[in-house]
Amino acid sequence: MIPRIHLAHLPTPLLRLRALDERFGVELWIKRDDVTGGAEAGNKLRKLEFLLARAIAERADVVLTCGGIQSNHARATALAAARVGMRSVLFLRMQDPREPLPLTGNVMLDRLVGAEIRRISVDEWRERDLLMQNAAVALEQRGARPFVIPEGGSNGLGSLGYVEAMREVREQIDLGLAGTPKPFDFVVHACGSGGTAAGVALGASKHQVAPKTIAMAVCDDVAYFQKRIDRIIEEARGIDRTLGAAPYVVDDAAKGPAYAVASEEQKAFIVDVARSSGLLFDPVYTGKALFGLALAIKRGTVPLGSRVLFLHTGGLPGLLADGEAFRTLI
Ligand SMILES: *Cc1c(COP(=O)(O)O)cnc(C)c1O
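All of these numbers come straight from a predicted model, not from anything done at the bench. (Residues numbered from 1 in each chain as written. Predicted model: local features only at pLDDT ≥ 70, side-chain atom pairs only at ≥ 80, totals over all residues. Heavy atoms only, no water.)

Novice: Mind showing me how you'd approach the pattern of salt bridges here?
Specialist: For side chains of opposite charge, pairing can occur when their charged atoms come near one another. Counting across every chain of the model gives 23 salt bridges. A salt bridge links Arg46 to Glu168; the shortest N-O distance between them is 3.0 Å. On the criterion of sequence distance, the pair formed by Arg46 in helix α2 (residues 44–57) and Glu168 in helix α7 (residues 156–174) is long-range, its members being 122 residues apart. By relative accessible area, Arg46 is classed as buried at 2%. With a relative accessible area of 8%, Glu168 lands in the buried category. Ionic pairing is found between Asp123 and Arg126, a salt bridge with its closest N-O pair at 2.6 Å. Taken as a pair, Asp123 and Arg126 lie in helix α5 (residues 122–126) at a separation of 3 residues, close to a single helical turn. Here the two residues Asp123 and Arg126 agree in accessibility, since each one is exposed. Each member of the salt-bridge network shares a partner with another, and the members are Arg4, Glu49, Glu164 and Arg167. (Salt bridge = Lys/Arg side-chain N within 4 Å of Asp/Glu carboxyl O. Helix = DSSP H or I, 4+ residues; strand = E, 2+ residues; numbered from the N terminus. Buried < 20%, exposed > 50% of the residue type's maximum accessible area, 1.4 Å probe, protein only.)

Laid out in structure tokens, this is it:
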């Protein structure tokens, strides 16, 4: 047994709305991983169930991780670490690290639970793994027991959270909670550091949830993510030998202008979907991924009438910190 602690409120609901079916022209099921918890919710919590279990087994007392300034992963890590009695050190990327911290959205929550934040530049970000490793060594020399979690919690161990999520979906299918007791045709989700994509691909195959998974890139490109996802899949197989093939596709048609920047069309789409469904998608991850699904349906990559499972991976705190970007639309 691979150690796992209980952090997320599971199983998360599966939701199907007539308005979304009509809008997209497919049978669209939303897996509500945006409600894996309260403020700590989102996809990262599933990975942290495995990552923090390992940290506890190693008797760590401080976790180090990194991300963009409004990182959902850093926030989930800070909150979960506080819950298990550990300190956290977050390396957050800023255009200008001399600027004061914006005390909004995820950053507000990080500070609220006492996370130590180290602002790093875009240049320093390239050396993030080394930076965290060096900081861990320095903490050790001062008598602490550090545990480093990579960007997004995306390594083989963290990805097991999404293998388990696919087991959960399989149980929901078997219980009749996903309409007809048939697998889905596609699982679609946002991809930012590759751990979710690796776990979903491995789990969808192992538990026969869908023959194909689509990782919607929110930055970088197809080649970058294929390399990362393949490496995480190999790592996961090293931990769990029962994991087999993992057919997945990376789609970067909806990555938008830049990481954490959505196009005007994408923002208008997010507003429109919110008004017709009551569901909130964020401009960094889930809004782009759902927009990507609409494009894939238009292209025919995802045929009309398909049975689609869309993973809602969270991101609400980042949305709440980004109101100005929506000023002309709302
Ligand atoms: C981190 C994140 C993702 C992407 O997951 P990865 O495993 O990092 O690829 C998607 N959606 C939200 C809301 C996230 O915070």
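Novice: Even after reading the chapter, I still don't get the sheet that holds strand β4 (residues 87–93), so can you show me in this structure?
Specialist: The strand order across the open sheet built from 4 strands is β5-β4-β3-β6, with neighbouring strands paired in parallel fashion. Looking at the sheet topology across the chains shown, the edges are occupied by β5 (116–120) and β6 (146–148). In this sheet, neighbouring strand axes are inclined to one another by 25° on average, regardless of whether the strands run parallel or antiparallel. Note that β4 and β5 share 5 bridges and pair parallel. Pairing of Val89 across the sheet is with Glu116, part of β5. Across the sheet, helix α6 (residues 128–141) touches β3 (62–68), β4, β5 and β6, and the angle it forms with β3 is around 155°. (Pairing = 2+ DSSP bridges. Axes fitted to C-alpha atoms, helices over the stretch in contact; angles between N-to-C directions. Contact = heavy atoms within 4.5 Å.)

Novice: Got a minute to help me understand the nonpolar core in this structure?
Specialist: Inside soluble globular proteins, nonpolar side chains tend to come together where they are buried. Formed by 65 residues in total, the largest nonpolar core has its most connected members in Phe24, Leu28, Leu48, Leu52, Ile229, Leu293 and Val302. When residues in this core are grouped by element, the largest group, 7 residues, is from α2. If sequence neighbours within four positions are ignored, Phe24 has contacts with Phe269, Leu290, Leu293, Ala294, Ile297 and Leu304. Membership of the second largest hydrophobic core comes to 16 residues, among which are Ala165, Ile173, Val209 and Leu311. (Core = buried A, V, L, I, M, F, W, Y, C linked by side-chain atoms within 4.5 Å.)

These figures come from the coordinates and say nothing about function on their own.
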